[in-house]
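As a plain string of letters, each chain reads:
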Amino acid sequence: MKLAKTALVIALTSVGSMAAAESQVTLYGTVDGAVVVNKAKGGDATVSLEDGIAGGSVWGIEGSEDLGNGYSVGFLLENGFAMDSGATGEEGKAFSKQATLSLSGNFGEVAFGRMGGLASYEGTYSIWDASPFGTDYLQAGLGNTFVTGQINNNSIVYVSPEFGGLKIHAQYSNGVEDDTAKWSHNSHYYGLGLTYEIGNLSLAGIVERFDNKSEEDKNKATMVYSLSATYDFEVAKAFFGYQYANRFHTLDQLEDVWVSGKGMNQNAFTLGAEVPAAGGTFKVAANYGFGKVKSADGVVVDDTKLSNDKFNRFTVGAAYEYPLSKRTFVYGWSVYATAGKMFKEKAVEENFKSWSLGLGLHHTF
């Protein structure tokens, strides 16, 4: 989600016999919180104050310096936090969301540091635009059905100049967590993407590889192929996404479970729309995925091996966002998630069958 960076801007300009150089630093952020009613299969309905429903709560510092002749250097340092508890983002990281240094010019842009993958929906360099919800709004988000990648350390990305609406995006991580071992023992990430814009149509295609080198077992590399298309009809904006994930090993809903060996395969689809309505914006989307476990060991949860090797999952959600100002909106939503075959088994059913609704407030500064 793009953030409005407005609150504090410091500009420093030096003038001498050389060309003037301007440095600008911006402090920005988002605070988001909501009252949530949630019920999982077989459990009780709960009411809680939750953070980051319509977009994660973050704060960051962004800066750039004009080097002249069309070149500039920039940085972005961003950390997540929980509005409901005040807790910081990922433990041990001052800037858990993004920490990058970049150089741009006529050649395009190159950046180094910690950043989200090309289909992660995280940070500056993610290019997938498949849903009006992105990975937000709990079960309605793509993470409930799709493989949305991750934020990787030790990364470099290149974004080409635009050629008739076409851009090339290439990203590599020398070690998604660390790169202190020899090269062949680090887990690497490789991403290659194309974006194309013509008129009201925007397209993106991404190929990603996670080689899982640092895992103790001999796990196959994960390959993820993602497509997205949006078209702005002016009276409404339509979204479509497709993804094929080959040999992926984890599920957002079962974070402690790692499916070893060949992992799982899945096809997934999403269709959604964003419609201006009564001064606000109405959003709706449906996601569907189906797949099969390829690992000979199957899926084991709490020492229980699930009997079915096929699965499917489906979510549908709607939300309404109403602006109170240019930087603040109030929102409400409702979403339902269900699943079949392997995910209907009692050991995991509550993770895949649930509904939620609530009201929230979102502010950017």
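These notes cover the structure that comes with them. (Residues numbered from 1 in each chain as written. Predicted model: local features only at pLDDT ≥ 70, side-chain atom pairs only at ≥ 80, totals over all residues. Heavy atoms only, no water.)

### Brief notes about the pattern of salt bridges
Counted only if it meets this: A pairing counts as a salt bridge when a side-chain nitrogen of Lys or Arg comes within 4 Å of a carboxyl oxygen of Asp or Glu. Exposed residues in this analysis have more than 50% of their type's maximum accessible area, buried residues have under 20%, and partly exposed residues fall in between, with area computed by a 1.4 Å probe over protein chains only.
Enumeration over the complete set of coordinates arrives at 6 salt bridges. Of the charged contacts in the structure, one is a salt bridge between Lys 283 and Glu 274, with a shortest N-O distance of 4.0 Å. With a relative accessible area of 9%, Lys 283 lands in the buried category. Classification of Glu 274 as partly exposed rests on a relative accessible area of 24%. Here Lys 283 and Glu 321 are joined by a salt bridge, their closest N and O atoms 3.2 Å apart.

### A closer look at the environment of Phe 311
We apply this condition: Strands here mean DSSP runs of E at least two residues long; helices mean DSSP runs of H or I at least four residues long; both are numbered from the N terminus.
Inspection of the secondary structure assignment puts Phe 311 in strand E18 (residues 310-323). Residue classification places Phe 311 among the buried residues on the basis of a relative accessible area of 2%. Sequence separation between Phe 311 and Gln 266 is 45 residues; the distance between their C-alpha atoms is 8.9 Å.

### Here we look at unusual backbone geometry
Positive phi is not limited to glycine here, since Glu 234 has a value of about 75 degrees. Within the element layout of this structure, Glu 234 appears in the loop between strand E12 (222-232) and strand E13 (237-248). The class for Glu 234 is exposed, based on a relative accessible area of 64%. At Asp 302, a residue that is not glycine, the phi angle is positive and equals roughly 50 degrees. Relative to the helices and strands, Asp 302 resides in the loop between strand E16 (300-301) and strand E17 (304-305). With relative accessibility at 73%, the residue Asp 302 sits in the exposed group.

### Quick look at a positive patch on the surface
Applicable threshold: Residues qualify for a patch when their relative accessible area is over 30% and they have no salt bridge, like charges being joined within 9 Å and the nonpolar side chains of Val, Leu, Ile, Met, Phe, Trp and Tyr within 5 Å. Accessible surface area values rest on a Shrake-Rupley calculation with a 1.4 Å probe, where residue burial reflects the displayed protein chains alone. Residues scored as positive are Lys and Arg, those scored as negative are Asp and Glu, and His as well as the terminal groups of each chain are ignored. For the purpose of locating charges, the reference atoms are NZ of Lys, CZ of Arg, CG of Asp and CD of Glu.
A grouping of Lys 220, Lys 262, Lys 292, Lys 294, Lys 310 and Lys 341 is seen on the molecular surface, where their side chains present a positively charged patch. Looking at the element boundaries, Lys 294 is found in the loop between strand E15 (280-293) and E16.

### Section: the nonpolar core
What counts is decided by this rule: Residues grouped as a nonpolar core are buried Ala, Val, Leu, Ile, Met, Phe, Trp, Tyr and Cys residues, joined through side-chain atoms within 4.5 Å. Two residues qualify as a contact provided that any one of their heavy atoms is within 4.5 Å of a heavy atom in the partner residue.
Trp 128, Val 299 and Phe 343 are the most contacted members of the largest nonpolar core, which totals 32 residues. Those elements that place two or more of their residues in this core are strand E11 (201-210), E13 and strand E14 (264-277). Apart from the residues lying within four places of it in its own chain, the contact partners of Trp 128 are Leu 118, Ala 119, Tyr 121, Leu 142, Phe 146, Thr 148, Ile 206, Ser 226, Leu 227, Ser 228, Tyr 242 and Gln 243. If you look at the next biggest cluster of nonpolar residues, it comprises 13 residues, including Ala 34, Val 36, Tyr 137 and Ala 285.

### Topic: a negative patch on the surface
Where like charges cluster on the molecular surface, the negative patch consists of Asp 252, Glu 255, Asp 256, Asp 302 and Asp 303. Relative accessible area serves as the criterion here: at 69%, Glu 255 is assigned to the exposed category.

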